[in-house]
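Survey of secondary and tertiary structure
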Amino acid sequence: MKSAAKSELFRRLPSVDELLRTAAVAELAASSGSATVTDAARAVVGRLREEIASGLLDEQSLDVALAGVPGAIEQQLRRMLGYSLCAVINATGVILHTNLGRAPLGAAAIERVRETSAVYSNLEFELETGERGKRDVHVERLFRRLLSDEGAVARAAGLRPFDTLRAGSGGTAEAAVSTRADVSTIVVNNNAAAVLLALNTLAEGGEVIVSRGELVEIGGSFRIPDVMAKSGAILREVGTTNRTRVADYERAINERTRLLLRVHRSNFEITGFTEQASIAELVELARRRGLPLMEDLGSGALVDLQSFGISGEPSVLDSLRSGVDVVTYSGDKLLGGPQAGLISGRRELVSRMRANSLFRALRVDKLTYAALEATLLAYVKHNHDAIPTLRMMRLTKEEIGRRAQAMTGQVKSSKLKVEVIDGDSVIGGGAAPSSVLPTRLLALSCEDLGADELAARLRASDPPIITRVEEGRVLLDLRTVFPEQDGMIAAALHRIAA
Ligand SMILES: *Cc1c(COP(=O)(O)O)cnc(C)c1O
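For clarity, every value in this text was computed on a predicted model and none was experimentally measured. (Residues numbered from 1 in each chain as written. Predicted model: local features only at pLDDT ≥ 70, side-chain atom pairs only at ≥ 80, totals over all residues. Heavy atoms only, no water.)

1. So, the nonpolar core
- By size, the foremost hydrophobic cluster in this structure holds 54 residues, and its most contacted members are Tyr329, Leu376 and Met393.
- No other element matches helix H18 (residues 366-380), which puts 6 residues into this core.
- Aside from chain neighbours lying at most four places away, what touches methionine 393 is Ile95, Leu305, Phe308, Ile310, Leu334, Ile427, Leu437 and Arg479.
- If you look at the next biggest cluster of nonpolar residues, it comprises 30 residues, including Ala203, Ile224, Leu259 and Val263. (Core = buried A, V, L, I, M, F, W, Y, C linked by side-chain atoms within 4.5 Å. Buried < 20%, exposed > 50% of the residue type's maximum accessible area, 1.4 Å probe, protein only. Helix = DSSP H or I, 4+ residues; strand = E, 2+ residues; numbered from the N terminus. Contact = heavy atoms within 4.5 Å.)

What follows is the structure, encoded as structure tokens:
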């Protein structure tokens, strides 16, 4: 009896063809294409069928549902044709937030992508000769400048010249100078790919010596031992988690050794009873035993970050200057550019990597070159404020505090309590794990909403606002919010608290 009633209801469901013939749906098909509208209609009718089957719809509620079918199809269509990847407001204070796309690109980078990718470009074409060219040339000249013109970068950041940085590594300075004069850089898809390509080229079938204290896992499942295995190189661990001396490396060297590897401890620190061989000691050992030394820097800053209040984060230039032969680093961490992996180092070693067929598989497209070239040019011109992540790092606590204070004035609500308190921003992206930047935070609590619910409402705003929840309060750090987004946050808070 009940199932008979159900079959009666099923019979009343329109077919997709019938729906497409109705005026409202036909109009949608004309504007959005009949194939997608057919899919949307099928999904809507399918949902009604399920609701009948599970007893959710009776005769009357089915009438209501059927009247709403064109509207439901339109909504379904919006979901299907809407973007999944969308802009969000990062109010977490984590500058390089891997889940939020790491470094936002500067205006010039976006402009170059637009100008060179909507039309044809000379990506691999030599305009002078009319012959086939190499895509690397577009950034190679800039890297060479940035990684050899030591004074320029230092001056721009208002710093001591690099000559005086790394004092104490004097023994290697001379060798390092000749390394730098002949430094070459290639670009691959990300730093994980850079490490893979470098290890495969320099050490396939042989051994690579790494300290146990550096066998790191970076967020997003990048583990040195796994990448090593995929590269075909054999990992030779030395030392202990907290202490590794240069003598440990030396003892492990044998006829199968191809490379010494130093991995930057990007996202953690080991403190207490610790010892790590210095770069100078490793350079000396590598030279003496005729082995290349590679450093996986991870973040790889192109400027000295001490003036930004960030310590313990050696720049790419520092590393090359100390005599490291090959450095690998990300394009979208401290460099502030597009996702990419950079390999900078001694020309003959980098040339071997370029000739490796893996390089072809890991190469990047024209969008990346366009954005990277513009980002590097900003460094060459000393225009650091054009790089959003560097600009955010340089914001002072006072500037951020003023913006936060202004926002409290805009959100007048008896339900929402807004305070401005001291706090810390972090670099993120596996850089400078222990250094934080002092900031001012907006701390929100709401009378009738818990902190998690308030954070969820902010995420549901358009654009979504991503925050931190700590000790029962929602915290917003305007360091990572673009000033033109302040108004959107104020408006969202106003709506939520109304
Ligand atoms: C971030 C990081 C990586 C991975 O870089 P991706 O660009 O994310 O592939 C590798 N090594 C270190 C030390 C890192 O910090």
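2. Points about helix H4 (residues 34-53)
- Between its terminal C-alpha atoms H4 stretches 28 Å, which fits the 28 Å expected from 20 residues at 1.5 Å a residue.
- Among all positions of H4, only Val37, Thr38, Ala40, Ala41, Val44, Val45, Gly46, Leu48 and Ile52 are buried.
- Among the residues trailing H4, glycine 55 stands out with phi positive, at a value near 80°. (Expected span 1.5 Å × (residues − 1).)

3. Considerations on the sheet that holds strand E5 (residues 183-188)
- Read from one edge of the open sheet, 7 strands run E5-E13-E12-E11-E10-E6-E9, paired in mixed fashion. Two strands bound the open sheet, and with one partner strand each, they are E5 and strand E9 (234-238). Strand-to-strand twist in this sheet, taken as the mean axis angle between neighbours without regard to direction, amounts to 25°.
- The sheet contacts of helix H8 (residues 137-146) involve E5, strand E12 (326-330) and strand E13 (341-346), and relative to E5 the element is tilted by about 135°. (Pairing = 2+ DSSP bridges. Axes fitted to C-alpha atoms, helices over the stretch in contact; angles between N-to-C directions.)

4. Brief notes about the pairing of strand E11 (residues 293-298)
- Of all 6 residues that make up E11, 6 are buried, and the element is covered over most of its length.
- Neither face of E11 is open: one carries Leu293, Glu295 and Leu297, the other Met294, Asp296 and Gly298, and all of them are buried.
- Pairing geometry for strand E10 (residues 257-263) and E11, over 4 bridges, is parallel. Directly across from arginine 262, in E11, lies its bridge partner glutamate 295.
- Here E11 pairs with E12 via 4 bridges, running parallel. Across the sheet, glycine 298 pairs through a bridge with tyrosine 329, a residue of E12.
- Following the chain from E11 across helix H15 (residues 316-321) to the adjacent parallel E12, one finds a crossover that is right-handed. (Right-handed = clockwise from strand over helix to strand, strands pointing away.)

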